[in-house]
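Here are the chains, one letter per residue:
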2 protein chains.
Amino acid sequence: MLTTQKEQLREKDKAVRFKRTPQRLAILEFLKDNTSHPSAEEIYRTVGKKYESMSFATVYNTLHALTRAGALRELTIDPERKRYDPNTSRHHHLICLTCGKIFDVPDDIRVDLPKAMQGDFIVVGNHVEFYAHCPLCGKKRKAS
Amino acid sequence: MLTTQKEQLREKDKAVRFKRTPQRLAILEFLKDNTSHPSAEEIYRTVGKKYESMSFATVYNTLHALTRAGALRELTIDPERKRYDPNTSRHHHLICLTCGKIFDVPDDIRVDLPKAMQGDFIVVGNHVEFYAHCPLCGKKRKAS
DNA sequence: ATAAATGCAAAGCATTTGCAGTAAA
DNA sequence: TTTACTGCAAATGCTTTGCATTTAT
């Protein structure tokens, strides 16, 4: 979502050929139907263990390529690191303030820029972040 | 918004006394009524130039102290760095995908968790991010 | 063949930390 | 005078980059 015009052009050029390497296929398979919103480090650790050794550079390379291709969404909701979401259809997120887990929130929500701003800005997308306590952590809180 | 329970406790302890040092007052003054959503680096550069020399550690120390005290909000909308917002009343943000500027969006928006999730999660807050092109950058785009 | 991806290690930024000296309270 | 803050520099953590080698096409 946060690319300059120049970067978008550059990325378009590079998107010409996408090689299906074993590393990329392994990452792709790990990400498929994955709703855990993993970080690069989690992907590196999990995929590297399950399939074959792989460098961090390759993980990032793949994540960037997939993001460019629109097959992946980079989330900024976690201030510590980027998280990746293979679900690119419109939806929102909830982060548990206790355990840090990120949950999907379906896009039942109609969000519009206030009318006063609508004439001035060309809105491309939006994203709602909910800060909350998840069922498990909420229960633990009550107990203490 | 993103602190663990343990961190919250630790921060509460430290919040006991807040010394009014010249550095902190200078940062506070710079931040007052500032709607530019500056990064730590921008604060360091601007305040350091205008008033007196100051270390990066002090900037972060102050930002953390103010955030803890609830006088400042840390924004995660910019994936590259944290941004700080002295306006702690409920509102949302819009980031220009071309120039990166962040704009305030008044809280005319009612955002609720879908009913299906409301029973399970204890929602503490929410934040809407709009991705857009600002008036200036939108005009430039049309021209090209 | 050739263009792109890999792996490694080094570099780059943003942010944090340890600690001795300094200054609010 | 006590306790917190400052400044410095080193350390950390996430992400990027350069480059020689390998591999998909």
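Scroll up a little and you will see the structure.
Residues numbered from 1 in each chain as written. Chains lettered and ligands numbered in written order. Predicted model: local features only at pLDDT ≥ 70, side-chain atom pairs only at ≥ 80, totals over all residues. Heavy atoms only, no water.

K.L.:
Mind showing me how you'd approach the protein's contact with DNA strand C here?
P.N.:
Near DNA strand C you find 20 residues, and of these Thr 21 and Asn 61 of chain A together with Tyr 60, His 64 and Arg 81 of chain B are the closest. Among all atoms of DNA strand C positioned within 4 Å of the protein, those belonging to sugar or phosphate total 73%. In this structure, a phosphate oxygen belonging to DNA strand C sits 2.9 Å away from a side-chain N or O atom of Arg 24 of chain A. Within the contact set of DNA strand C, a phosphate oxygen lies 3.0 Å away from a backbone nitrogen or oxygen of Arg 20 of chain B. Its residues assigned to classes, the surface near DNA strand C shows 5 nonpolar, 7 polar and 8 charged. (Near = heavy atom within 4 Å. Polar contact = N/O pair within 3.5 Å; in protein donor to acceptor, adjacent residues only side chain to side chain. Nonpolar A, V, L, I, M, F, W, Y, C, P; charged D, E, K, R; others polar.)

K.L.:
Would you mind showing me how to read the sheet that holds strand β4 (residues 102–106) of chain A here?
P.N.:
Remark on secondary structure: sheet strands pair via backbone hydrogen bonds, oriented parallel or antiparallel. Strands sit in the order β4(A)-β3(A)-β5(A)-β5(B)-β3(B)-β4(B) across an open sheet of 6 strands; the sheet is mixed. Both edges of this open sheet fall to β4 of chain A together with β4 (102–106) of chain B, since each of them pairs with a single strand only. Adjacent strand axes in the sheet meet at a mean angle of 30° when their direction is disregarded. The pairing of strand β3 (residues 91–96) of chain A with β4 of chain A spans 5 bridges and is antiparallel. For His 91 of chain A, the partnering residue across the bridge sits in β4 of chain A and is Pro 106 of chain A. (Pairing = 2+ DSSP bridges. Helix = DSSP H or I, 4+ residues; strand = E, 2+ residues; numbered from the N terminus. Axes fitted to C-alpha atoms, helices over the stretch in contact; angles between N-to-C directions.)

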